[in-house]
Structure formats: structure tokens, C-alpha cells
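# An overview of the molecular structure
Listed below, chain by chain, are the residues.
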Amino acid sequence: MTSRVIALDLDGTLLTPKKTLLPSSLEALARAKAAGHLPIIVTGRHHVAIHPFYQALALDTPAICCNGTYLYDYHAKKVLAADPLPVNQAQQLIALLEEYQVHGLMYVDNAMLYEKPTGHVLRTTAWAEALPPEQRPVFQQVDSLRAAAAEVEAIWKFALTDEDTGKLKNFAHHVEQTLGLECEWSWHDQVDIARAGNSKGKRLAEWVAAQGLSMQNVVAFGDNYNDISMLQAAGTGVAMGNADDAVKAHANVVIGDNTVDSIAQFIDKELL
């Protein structure tokens, strides 16, 4: 049997709507690891927001974070490869956020910074409060994102939320046209903005090649638009049943949604 890389998106894919891991998924992935397969998390999340899942999965592979902006060694607690936003582009984006009154969460170094607690911040902090303190993601409210951007070592991405998705869509288009940044939808009301050229598929392909493997040996699971690049690049792209039809169109296989044992059933049937 050929060993496979099993690339796993988190939200909407491996995680249930309540941000939990199904026992069946944990058990199937443990069996896959024992059989020689390599599970790897490929997420839009910051590395500080994957602790409970990484630990529950007992992984020894690095994590691909912020839609491919960087590769993070969880055990050594260090970034292995990265392509962060240049400070000048981040400053230009922050100026546009202020002009258009769009709230942004800035992912930096080992934390996520915000000015006002809206959208993504409220959702994630509510989830985090139920975690043990050592597993909670680091959120920090600042007076000015503009000032903070000049002081951090790396700016991974911005997550933008707005109740008016039409406004958000128009803003993302404007950012792409004027700043040349990468805008990807990672949730129904969230657009992620990062340096152009970064994607889950690109970072995954680089890591797979470094292992001496081919993307033909990759099975990738995803549900949203920021997963399309890896669904297309993988030998087998698997879309969740809860994905939009436009995402499913880029997959080789469509399985059930993230509330049932879809991933476990696929792994047991196709990989073991």
C-alpha cells in the first residue's frame, strides 16, 4: 500500500459546527497513522488557535497555517517557512480598513490583534473560553493596528468580517485591484487577506516535495474557497457535503457533511 499524505482543513471539515472532533475521525486518523500515512493540518487558523486539535490528533507533522502563509513546527515552537505581509502593504490595507470602516483581525507572531471585538473575535473568544488556559488562543486588543503593525516581527494575514457580505465582497475586490493582495473566503462572512501567492495548495506542495513525495500521494479534505487550491493540487481532492457547489466542483470526491462520520468512512474504505 502506498503511504499517503492526508491534508486536513479544520473548520467546516474535520471540526463539527461546535468546533469539536468526532471520535470516529480521531480513531480513523490514528489507524491511518499506524498504517504509515501522514496526516497534516492545513488551516486558515493561526497556530495559537489549533492547540486542542493538534494535541488530540497526536500529530508529529508541522501545521500549515493562515492559508499557507507559513509552516509551523508545533513541537519546536518555530516557523519553518513563511511569506508574511510586508509592513508597508499591511499599513496600506489598514488605511483602507479605516476608510471603508471594515473591522480587521491581524494575525501576527504568536497572537491575533484587534481594535474592536466584532465578528470573528467574538466567535473565537466564546469558543476559547471553554478551553484550558494553556490551550487558549492569544487575542490582544490594541488602540491602533497601524501602530502595532510597525512593532511585530511578522504579519501573517488579516481576517475581515462584516454583517454586510456584499460590502465585504466589494472591499475584497478593491483590495485585490489596488494592493495586489490575496483575498479568500474562509467562512460565510469572513474574508482572509494575505500576501499574493500564498495558498494552502502551494505550501502543501512544497512540504510534500520536501518529504520526497508527490502530490499524487495526497488526499486533501476541505469545505471552503480557501481550500480549493489544495483540492485541485492533491491527487485526490475530497469536498465535504456542507461545501458550496462551487467548491465541490474542484474536488474528485464529495462525501457527507462535517456532522457525521464521513471522513472516517472515507479513510477506512479508501486508505486502509
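Residues numbered from 1 in each chain as written. Predicted model: local features only at pLDDT ≥ 70, side-chain atom pairs only at ≥ 80, totals over all residues. Heavy atoms only, no water.

### Comments concerning the overall build of the protein
Put simply, the rule reads: Helical segments are the DSSP runs of H or I of at least four residues, strand segments are the runs of E of at least two, and each set is numbered from the N terminus. A radius of gyration in this sense is built from C-alpha atoms; the matching globule rule multiplies 2.2 Å by the number of residues raised to 0.38. Should any heavy atoms of two residues lie within 4.5 Å, those residues are considered in contact. Each accessible area is a Shrake-Rupley estimate made with a 1.4 Å probe; only the visible protein chains count as cover when residues are assessed. Charged residues are defined here as Lys and Arg on the positive side and Asp and Glu on the negative side; His and the ends of the chain fall outside this count. Lysine's charge is taken at NZ, arginine's at CZ, aspartate's at CG and glutamate's at CD.
Along its length, the protein carries 11 helices and 14 strands. Expected size for 272 residues packed as a compact globule is a radius of gyration near 19 Å; at 18 Å, the protein falls within 12% of this value. Within the protein, contacts between residues at least 6 apart in sequence are counted, and of these 62% link residues at least 24 apart. Here the protein has roughly 11,600 Å² of accessible surface; of this, 49% comes from carbon and sulfur atoms. Here the protein holds 21 positive side-chain charges and 32 negative ones, and the gap between their average locations is 3 Å.

### Looking at the packing of helix H4 (residues 87–100) against helix H7 (residues 165–179)
Counted only if it meets this: All axes here are fitted lines through C-alpha atoms, helices being fitted over the stretch that makes contact, and every angle between N-to-C directions spans 0 to 180 degrees. Crossing chirality is assigned from the near helix's rotation relative to the far helix, an anticlockwise turn below a right angle marking it left-handed and a clockwise turn marking it right-handed.
Orientation of H4 relative to H7, taken along the N-to-C sense of each, is 145 degrees, at an axis distance of 11 Å. For the crossing formed where H4 meets H7, the hand is right-handed. Mapping the contact onto sequence places Gln89, Gln92, Leu93, Leu96, Leu97 and Tyr100 in H4 and Lys167, Phe171, His174, Val175, Thr178 and Leu179 in H7.

### Details of the layout of surface pockets
Condition: Of the grid points, spaced at 1 Å and generated over the protein atoms alone, those admitting a 1.4 Å probe that cannot get out make up cavities, while open sets with protein on both sides within 12 Å along at least five of seven lines make up pockets; any residue with an atom within 4 Å of a point is treated as lining. Grid points are joined across faces, edges and corners, and a volume is the space filled by probe spheres set on the points. When residue character is reported, Ala, Val, Leu, Ile, Met, Phe, Trp, Tyr, Cys and Pro are called nonpolar, Asp, Glu, Lys and Arg charged, and the others, Gly included, polar.
Here the largest pocket is characterised by a volume of approximately 360 Å³. Lining the largest pocket are 23 residues, and of these Asp11, Lys19, Arg45, His120 and Gln190 sit closest to its centre. Mapped onto the lining of the largest pocket, the elements with two or more residues apiece are helix H5 (120–128), strand S10 (182–187) and strand S11 (190–194). Residues that form the lining of the largest pocket fall into these classes: 5 nonpolar, 9 polar and 9 charged.

### Description of the sheet that holds strand S9 (residues 155–161)
The condition that has to hold: Strands are labelled as partners when DSSP assigns at least two bridges between them.
Here 6 strands make up an open sheet; going across it, the order is S8-S7-S6-S9-S11-S10 and the pairing mixed. Lying at the two open borders of the sheet, with one neighbouring strand each, are strand S8 (139–141) and S10. Taking the axes of each pair of neighbouring strands and ignoring which way they run, one obtains an average angle of 25 degrees across the sheet. Bridge analysis of S10 against S11 gives 5 bridges, and the strand direction is antiparallel. Paired with tryptophan 187 across the two strands is glutamine 190, which belongs to S11. Packing against the sheet, H7 makes contact with S9, S10 and S11, and its axis sits at approximately 155 degrees to S10.

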